[in-house]
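# Close look at the chain arrangement
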Amino acid sequence: MLYGIAAATTALLLAAVLAASIRPAALRLGLVDRRRARPVPALGGLAVVGATCLVAGAGEWTGVAPLGTGVGRLLIAGGVVALLGLVADVWRLKTRFLLFGTAVAAACVVPYGEFGIAGGVLGVGWIAFVAVAFKGLDHADGLAGTVGVVTAFGAGACATVEMMDGLAVLLSVLAAALTGFLMHNWHPARIALGATGSLFAGFVLAAAALLTRTGYDPLASAGVLFALTAVAGADVLLVLLSRLLAGRPVLRRGPDHLAHRLRRLGLASPGATIVLGGASFAGVLVAVLVHGGWIGRTAATCVACVTFSLVLLLLRVPVYGPRRRGSTESSQVSGHLRVRNG
């Protein structure tokens, strides 16, 4: 208990200090996130990754809080994913390469003996999906960090129920590190997670949640896992549907995420983050209660239904401007009419 408090406090302070130290270097190198209204220095995820790995690794090395073989492998795989994210922050890797690399790392941590080959493959895909979904949440100040903290506490509670002490320690340290980072990432953000931190957080959270569901019914597990990551899943679903319906390339960036639409409805940036953080808390609470057996699995199904309904409602919020091609064609038609009239 005392070690857990000390570890969380250390991770929080270390992440806050590291984030402040990294910001000037990111500005000097020109490594900024341009998805926001103003350029924000990236590489803040290095602070989260560094604090989490150092504190959790110290507990394993000293023997005070051993993580165990499976959790240690998860932390190493998460570090590899963070390196992939760092390459993406510096050289702008395409999303398909991030998905492939994250899936390879996920394949090293999924317990195939408990899930089987088919279940293991689905688990690999789900971990990669959640990791990339968390990268998408980093488009708004404080959003990815807030959702990450809430999800880490929920997954940690599930790990505690299963007596997975090493996993619970890792998740508490990650939650603390994200909290320390949020000191610099809350609106107006002075630094962003970048692909380094968002992929790492999403990967560790998804893999940890999957491990807590070892031995459970697959359909019930699917409901719990979705409820734990409902906001990240809703964001990806909303973006995919929106771009497909608008005839836009799926991988082209645009102002069509959850927070963008909430701001279109009149919420300020902090307000949108608070609303989505509250939605994440509601989903996580249901997931924890279902996992612990305190409520029925139908509650997780209700979360999925509500999430899908909200996605359909938010699809009606206009986010795209007039197409350039259409504007060009209109200009050409107008020009022809002027020539003919002249």
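In this text, all values refer to a predicted model and were calculated from it rather than measured experimentally.

## Here we look at the overall build of the protein chain
Looking only at helices and strands, the protein chain has 14 helices and 2 strands in total. When the backbone C-alpha atoms are referred to their principal axes, the protein chain occupies close to 85 × 50 × 35 Å. Split into buried and exposed, the 342 residues of the protein chain put 50% on the buried side. When contacts within the protein chain are restricted to residue pairs at least 6 apart in sequence, those whose partners lie at least 24 apart make up 74%.

## Quick word on the side chain of arginine 243
You can see arginine 243 is positioned in helix H10 (residues 230-246). A distance of 2.6 Å separates the side chain of arginine 243 from the backbone oxygen of valine 250, its partner in a polar contact.

## Description of the environment of lysine 94
One can find lysine 94 in the loop between helix H3 (69-91) and helix H4 (95-107). On the basis of relative accessibility, which here comes to 47%, the residue lysine 94 falls in the partly exposed class. In sequence terms lysine 94 and leucine 251 are 157 residues apart; their C-alpha atoms lie 8.7 Å from each other.

## Points about the packing of helix H6 (residues 143-161) against helix H7 (residues 165-185)
Two numbers describe how H6 lies on H7: the axes approach to 8 Å, and their chain directions differ by 165°. On the basis of their axis angle, the class for H6 and H7 is roughly antiparallel. With respect to the hand of their crossing, H6 and H7 are arranged in left-handed fashion. Across from Leu143, Gly145, Thr146, Gly148, Val149, Ala152, Phe153, Ala155, Gly156, Ala159 and Thr160 in H6, the residues of H7 making contact are Leu167, Ala168, Leu171, Ala175, Leu178, Thr179, Leu182 and Asn185.

## Observations concerning a nonpolar patch on the surface
Nonpolar side chains collect at one region of the surface, where Val87, Val90, Trp91, Leu93 and Phe97 lie side by side and expose about 470 Å² of accessible area between them. Of all the elements, H3 adds the most residues to the nonpolar patch, at 3 residues. Note on tryptophan 91: relative accessible area 65%, which makes it exposed.

## Overview of unusual backbone geometry
What is expected of a backbone is that most residues other than glycine have negative phi and most peptide bonds are trans. Omega for the peptide link from histidine 187 to proline 188 comes to -5°, which places this bond in the cis form. Within the element layout of this structure, proline 188 appears in the loop between H7 and helix H8 (194-212). Phi is positive for leucine 43, which is not a glycine, with a value near 75°. Looking at where leucine 43 falls in the secondary structure, it is placed in the loop between strand E2 (40-41) and helix H2 (45-62). Unlike most non-glycine residues, methionine 163 shows phi in positive territory, near 60°. As for its position among the elements, methionine 163 is in the loop between H6 and H7. Using a relative accessible area of 64% as the deciding quantity, one classes methionine 163 as exposed.

## Describing the state of the cysteines
Taken as a whole and assessed by the stated rule, the structure comprises 0 disulfides. With no disulfide of its own, cysteine 108 lies closest to cysteine 53 among cysteine sulfurs, the gap being 16 Å. Summary of cysteine pairing: cysteine 305 is not part of a disulfide, and the nearest cysteine sulfur, belonging to cysteine 302, is at 6.3 Å.

## Some words on the confidence of the model for the protein chain
Chain-level statistics for the protein chain give a pLDDT mean of 90 and a share of 92% at 70 or above. Every residue in residues 325-342 scores below 50 in pLDDT, and together they form 1 contact with partners more than four places removed in sequence or on other chains.

## Examining the nonpolar core
Grouped together as the largest cluster of nonpolar side chains are 97 residues, with contacts concentrated most on Leu74, Ile127, Leu137, Leu167 and Phe203. Residues in contact with isoleucine 127, not counting those within four places in the same chain, are Ala106, Val109, Val110, Phe203, Ala206, Ala207 and Leu210.

## A short note on the environment of valine 239
Looking at where valine 239 falls in the secondary structure, it is placed in helix H10. Considered as a pair, valine 239 and valine 311 are 72 residues apart in the sequence and their alpha carbons are 9.4 Å apart. Once residues within four sequence positions are removed from consideration, valine 239 is found in contact with Asp256 and His257.

Conventions used here
Residues numbered from 1 in each chain as written. Predicted model: local features only at pLDDT ≥ 70, side-chain atom pairs only at ≥ 80, totals over all residues. Heavy atoms only, no water. Helix = DSSP H or I, 4+ residues; strand = E, 2+ residues; numbered from the N terminus. Buried < 20%, exposed > 50% of the residue type's maximum accessible area, 1.4 Å probe, protein only. Contact = heavy atoms within 4.5 Å. Polar contact = N/O pair within 3.5 Å; in protein donor to acceptor, adjacent residues only side chain to side chain. Axes fitted to C-alpha atoms, helices over the stretch in contact; angles between N-to-C directions. Parallel < 35°, antiparallel > 145°, perpendicular 65-115°, else oblique. Left-handed = near helix turned anticlockwise from the far one by under 90°. Patch = residues over 30% accessible without salt bridge, like charges linked within 9 Å, V, L, I, M, F, W, Y side chains within 5 Å. Areas by Shrake-Rupley, 256 points an atom, 1.4 Å probe, with all protein chains shown as cover. Salt bridge = Lys/Arg side-chain N within 4 Å of Asp/Glu carboxyl O. Disulfide = S-S within 2.5 Å. pLDDT = per-residue confidence, 0-100. Core = buried A, V, L, I, M, F, W, Y, C linked by side-chain atoms within 4.5 Å.

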